[in-house]
Each structure stands twice: as C-alpha cells, then as structure tokens.
Amino acid sequence: MTYFRSVINAQSAFSAQARRAFSTAMYGNNSTAAATGVKKSCVNPEMLYLQPRWHAKKDLASQQQGTGKVLVGMIQKRWNSASAQPIQTGSIEKLRNIGISAHIDSGKTTLTERVLFYTGRINQIHEVRGKDNVGAKMDSMELEREKGITIQSAATYAAWKDFNFNIIDTPGHVDFTIEVERALRVLDGAVLVLCAVSGVQSQTITVDRQMKRYSVPRICFINKMDRAGANPWKVVEALRTKLKMHAAALQIPMGAEDNFKGVIDLLKWKALAFEGADGVDVVESEIPEEFMELAKAKRAELFEHLAEVDETMSDMFIMEENPTSEQLAEAIRRATIARKFIPVMMGSAIKNKGVQPLLDAVCAYLPSPNEVTNAALDIKNDEAKIELSSDDKDPLVGLAFKLEEGRFGQLTYMRVYQGMLRRGGFITNVRNDKKVKVPRLVRMHADELEDVDEVGPGEICAMFGVDCSSGDTFTDGSVQYTMTSMFVPNPVISLSLKPKGKETPNFSKALNRFQKEDPTFKVHVDSETKETIISGMGELHLEIYVERMRREYSVDCVTGKPQVAFREAITDGAKFNYTHKKQSGGAGQYGRVQGYIEPAEIDEEGTDAFFESRVVGGNIPTNYIPACEKGFREGMLKGFLIGHPITGVRMVLEDGAAHAVDSSELAFKIATLNAFKEAYMKANPVIMEPIMKVDVTAPVEFQGTVIGGINKRKGTIVDTESGEDYFSCVAEVSLNAMFGYASEIRGQSQGKGEFSMEYLRHQKVQPQEQMELIKAYQKKQKEDQK
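Residues numbered from 1 in each chain as written. Predicted model: local features only at pLDDT ≥ 70, side-chain atom pairs only at ≥ 80, totals over all residues. Heavy atoms only, no water.

(A) View of the pairing of strand β34 (residues 609-613). Of the strand pairs in this sheet, β34 and strand β35 (residues 649-657) are connected by five bridges, and their pairing is parallel. Of the residues in β35, the one forming a bridge with F610 is R650. Since β34 and β35 lie parallel, the crossover through helix α17 (residues 625-637) that links them has a hand, and here it is left-handed. (Pairing = 2+ DSSP bridges. Helix = DSSP H or I, 4+ residues; strand = E, 2+ residues; numbered from the N terminus. Right-handed = clockwise from strand over helix to strand, strands pointing away.)

Here's what the structure looks like:
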C-alpha cells in the first residue's frame, strides 16, 4: 500500500500530457479497449491516476470510529468527476443551468471556486486576491485578477453526483449589470449569495428584480458566516421584508464568527461538519444538545412558511400533522420552482464550509430545463406564442446570448432550447434568414475551451466562426421561431475619447468590438465637435474599457470630463401651425402642418416618442405622412435647450396643406421639424437629470460625516440601518453630483467605507441649475462657431 501511494503522489506532480500518457500506458484508452474487447475500470483514462487516491481515502474512512461518519460517496465524486463527461442525450432531468449572482463582494467567485473544486473541475483552490497571484479560475481576465472584481460573466460546466451543471458566475458591480441580464435570460435557476453581515444590499435588490423579470427560481446562500457580526436570522428577515418573498432556512449554523464549525440540516436532522484538507470530508453526526431547541423551532418555522405557499403543506398544517423530511423536500421543490419560496442555505466559502450541501440543494430544489416553460414567437404565424419542448427530436431553437472576441475569432455563447446543435451542421439566423455552418462547437471552462461534437436541449455551449449579434435566434431552417429579447438599460454617463498621438485602425477596431460584445456600451461621434463619445453604465464601466484598449489593442487614450446623460422634456401641451415655403427657381418646397404636442408617459417597452396622424380629407397626401413622422423623430434626437435627446412627447398631426408641384417628402419633413421646434419652446421645456440610488456602507463612528457628505451633494436620505459595527444608508443623489465621491468616501471613513449606485430615474433639475446648463451650452456653441 505504501508503494502504491508513492506512485500516486509521483503522478500528482505530472503535467496533464504526462498524466494522460501514464494513464494510457497503465490502463489503455477507449480505442485500445475497443480493439481488444477488454473493458477498463474507468471511462476517463486522463483522470485514472486519481482513482486509487479515493480508494485509499475510503479505507481510512471505513476505519473511523465514533458517532460521526464520512460521506464516502461525496469523496468519490470529488475525484471521479474531474473531467465532466458530455451530458448524455435524454438525461435532461439531471441537468441544472444555474447562475451565481449577488451584490459586489458577497463572495460569488470564491463560492464558484469551491464548487469547481468539489466537483473536481479544478485540482487546487486559488483565492480572488490570493498571495500566489494566480487568482480564481472564473476571473480569467488579467484586469479581473488585478482589481479583485468580476467584470465579465464566465461559464463552465461540472458534474456533482449524477447531476450535470452549467454554471455562470456573474459580476456584482452595477456597472456590469448587462452581464447579469443576459445570464439570467438563459438560465433555469440561480443561487443568490448574501453576506451574513451586510445582508440584503442595493445590488441584491437589483439582481432579485432581474430574476423576477426572467422568472428565475432561486436558492439563497448566506455566505461569510465566519465574519465578525454574522447574523443569518437578520438576513432571512431582510429577504422577507425587502424582497417580499417567503424565505426560510433549511439549516442552522453551529456557532458563528470564529466559532463557526458547520451546519445542522433541518431535513436530514443531522449535524454536518467539514473536515480534512479544504473541507473535502463531510462528517455527519447527531445534533448536539445545545442546538436542539433552536433546530426544532426553525424546522417548525420552515413548516409554517411552506404552509403559506404550498397547498399540501397547508392542509397538513391545518390538520396539525407533522410532515416527514421527504414531504418537506417535495414541498420546497414545488414552491421554489413556482417562485413562491426561497430556501436558505448557509456557510462560509472562504473557510470551505457549507458548499457541498448547497450543491445537493441545487440538485434537489432547482428545476431541470424541461421543468421550465420557455416560449418563442412564430414569425410565420403573426408572432404567435409557441411553447418550446426541450425535446432533442424537435427542430433546433437556440439563442445567442453573448459574444466575445476569442483567440480564434468571434465566440458566440448559445443556449439550446430544443433540438440538437451539431458541429459541421447548418443553422439559420432568423433575424436575417442567413444560413451558416457551425465549424467548431465548444464547452466553456472560464477561458478554456473543450471541443464537443453536439449539444442537446437545455445545454449552454459556444460556437466559433458564426457572425451574428447578441440576442439572435438560430433554428435548423424548418421553423421561423424567435426568442424574446432581453432588457438593455440605457447608458447614464459619457466621456469624450481620443487616442494619444496619431489614430490607428486599432482604435476603431476596439470600439467596434466592445460595442458588439456589450449592448450597454455605446459609441458615437459628436456632430459639432467631431469628438468620439463613449457612453456606459458608470465611471468604472468606461474606465475598464479604456484600460482594455490600452492592454489588448496597444491604444493609449485621453478621456475628457465625464458627461451626464441629461434629457429634455416638455411639461405642457402646445399647438403648432407651420408653413415651410421655399422658392429658388423651378420646383420649390412647400408644406404646411398643423396640430399639437403634449407630454407622454414612457411605455413598458421604453418608447418615449409617439406620433399620431389625424389628417382627413387628403389635405396632406398619405405618402407624405411618414416624412412628417421622420421630421418629428429627428427633432427628438437633439433637444433645443442643451442639445440632449428629448423624451416623453406625443405629436398629433391634425391638418395641413400640400402643393401639387412644390410639395415633397423633404418639404414636409422640414416643415414638421421646424413646427416641433416652435411648439417645443412654447411647451415649458425642462432639463431632466439622472437620479442614482446610492447605497453606502461604513463603520458606525463615521455615520455623521458620511451622511453630511451626501447632504452636501444635495442627496435625499431614503433609509438608514445601523448594526453593531457598520451602518448602511440608501440615498437618492443626482449623477452630476456623484463625480469624485469614491475618493471622498475613502477619506471620510479612513478607507473602510464603500458605496454602490444604480440608475433610478430621470428628474427635472432646479430652475437655477437649468439656466446655468443652458448658458454653458450656448457659450460652447459660440466657441465652436468661431
């Protein structure tokens, strides 16, 4: 046995190729097995060197004495699943597509690192800001490892017991919210990670809203139970009050902060401790007497909350029957999939505690792809809603939800909803009816690629060499189904950008690529100043792209002062009656328009400009009406106060006149544009500025200073909450007043404070500020004309 272990340890130091060669020499591979007819002990020769390590562990486990027992099955899976095999067709019930989402710094990437380790996808744990400078597996971008934040969502797949996972780790920072949007658009379930100290924070509420938008069931994991001030019951209560969801814990902690030893499973009615190197050994034992009363109370509480959302549990509650663990588990699954209940797990990812039970909960309570209703629109049948089947024999329907520029060209992330996607097969882009061949099909493991020949319904993969846009639907050509698009928020901040020195082709190449990858990143050239303007979701968002241009394209850029995305709007209605007449010899220009404009609410689809024609009797020929609408929409693009887009206007065209010779589309377009400008100035126009929801967390001793700083920026305090050591404050502040706040909060709190902000709404500015903005715009106009 000693000799055998020495051989195994020697193998551990081998490179991947050496291990493969060693395993093949000792055990053969699939081709030798087919030739000789001898079936080998393992289907995956590359990982055979790990098999004996489990057997040695099993021998040790069987010798363990006492009340605890090691869950040997888990250890076997930890080593045996290290190269997750392609999911077998027909096993869709054992597939889980999950996202890991949370507020920034809640431990999402740290948790994902443990998930990959326990499922055997990686052989060593690396921390997000680890001393070894390797960084977490899912933070593959150099910038992510430097800053210790997730910038792009990263996908991987793994196997746990007899289940297969597709996992997407998403950013927590609000500036990269589009990454969360498109991940949740294609996922069937999610793990919402919360900090045991901070609880439900601003971005938690945003992520929850996104999950509700795409009808995604979720499990909650209360992380950082080892931190000072950890209080899981405060977090569970916040889930109920702030997210307005029924939530209850499936576990209680054994100790907290430095004394956190493990958890008690309220369904299995066992205490779980996590021992051995990196918490690999899950030890079950009887519940200690000191936790028995709390365990009984929390199990009763779980039953009560389930009775409110599940009919079977409600009947048992009324009849005063005690449910079995199996009945509770079935009810939790029903209520979770119906999005009426959030099961709450807890642990500490950094201390390797509580992750394996979370994986079991994902398998037990989150839905498989065929348990989720996915609908498409049938273009051939007037966009009628069609329910997709999750059947591999039905016509292919897939959604390209993310694009990335890879080493081998454009990488297109695809979620397959029904049918089979095969390498070398032909697929049709429904948007442009273009038929393309799939030259290469891969699974993603962060920044690594693993080739596959085909993927079935419910799976997430990536394609190379397919030119398309984010949100395109692909079919096999036999049907014309299109998936509904995802929600894309509007940019809130802009910067002028120019390269240092002479402009190179790489400048425009980088901007084009980033625009294609990220729908919230916009680029345009200012028609007056001829400057390149980039727009995004926040200062950090734009800063990251400027830094990526320098690193990836060797283009150093100079940025101008940040510009806020102001909007203009009207507050009253106004009538117009405008005649455009121009005579210059020969056929002239003539068009008269009459009607009114009025304020309008932005609808659910985000439309903020409405045009209506009530012209009767042919006073304006019908072929000129589209030109009138074009003139109105052109006027909406650039306001007449400070040159920013106009929002929330309805134009009603009531009457007009045309000339048999001189009227044209151009004449009516100009007439409507000028009529709109004339009426606009009479409709009490105002300037609207973006208001941000700001969430500040800082030590209690700096509370007065921090709140004073927000008041100085003319912010409105909405809510404050004080804990033992830290307080949190939610405020509404204009984006224009938030520039430079990052350095201010650090100075006010000795570097211990942090804040996040997200766009809330546009609100009209103060009259004095409006006058100043108009004067500054007029002054700039005069300077540009010189």
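(B) Spotlight on the side chain of E404. One can find E404 in strand β15 (residues 397-406). Under the relative-accessibility criterion, E404 is labelled buried at 16%. Engagement of the side chain of E404 in a polar contact is seen with the side chain of K402, the distance being 3.5 Å. In contact with E404, other than residues within four places in its own chain, are Q152, G409, Q410, L411, Y413 and E517. (Buried < 20%, exposed > 50% of the residue type's maximum accessible area, 1.4 Å probe, protein only. Polar contact = N/O pair within 3.5 Å; in protein donor to acceptor, adjacent residues only side chain to side chain. Contact = heavy atoms within 4.5 Å.)

(C) Spatial organisation of the sheet that holds strand β33 (residues 589-599). Overall, mixed pairing links the four strands, which are arranged β32-β33-β35-β34 in an open sheet. Looking at strand neighbours, the two that pair on one side only are β32 (574-582) and β34, the edges of this open sheet. Neighbour-to-neighbour, the strand axes of the sheet open up by a mean angle of 25°, direction not taken into account. Together, β33, β34 and β35 form the strand contacts of α17, whose direction differs from that of β34 by roughly 155°. Strands β32, β33 and β35 of the sheet are contacted by helix α18 (residues 665-682), whose axis makes an angle of about 35° with β33. (Axes fitted to C-alpha atoms, helices over the stretch in contact; angles between N-to-C directions.)

(D) Representation of the packing of aromatic side chains. Summed over the entire model, instances satisfying the criterion amount to 14 aromatic pairs. On the numbers, 6.2 Å between centres and 85° between planes, the contact of F514 with Y553 is edge-to-face. Of the two residues, F514 is situated in helix α15 (residues 505-517) and Y553 in helix α16 (residues 539-553); the sequence distance between them amounts to 39 residues. Between F632 and F676, the aromatic rings sit 5.3 Å apart at their centres with planes inclined by 85°, giving edge-to-face as the arrangement. Note that F632 is positioned in helix α17 and F676 in helix α18, a separation of 44 residues in sequence. (Phe/Tyr/Trp six-rings, centres within 6.5 Å; stacked < 30°, edge-to-face > 60°.)

(E) Representation of unusual backbone geometry in the model. Despite not being glycine, K224 has its phi angle at roughly 65°, a positive value. Backbone geometry at S554 places phi at a positive 55°, although glycine is not the residue there. Looking at the element boundaries, S554 is found in the loop between α16 and β29 (557-559).

(F) Highlighting the environment of A462. Within the fold, A462 resides in strand β23 (residues 460-464). Along the sequence, A462 and V452 sit 10 residues apart, while their C-alpha atoms lie 9.9 Å from each other. For A462, the contacting residues outside a window of four places in its chain are L411, T412, Y413, R440, L441, V442 and M444.

(G) Region of the structure containing the pairing of strand β5 (residues 189-195). With respect to burial, β5 is a largely interior element, seven of its seven residues being buried. Burial along β5 is two-sided: G189, V191, V193 and C195 facing one way and A190, L192 and L194 facing the other are all buried. Pairing between strand β2 (residues 95-102) and β5: five bridges, direction parallel. The residue bridging I100 from the neighbouring strand is V191, located in β5. Here β5 pairs with strand β6 (residues 218-223) via six bridges, running parallel. Residue L194 lies in a different strand from β6, and its bridge partner there is I222. Between β5 and its parallel partner β6, the chain crosses via helix α9 (residues 202-213), and the hand of that crossover is right-handed.

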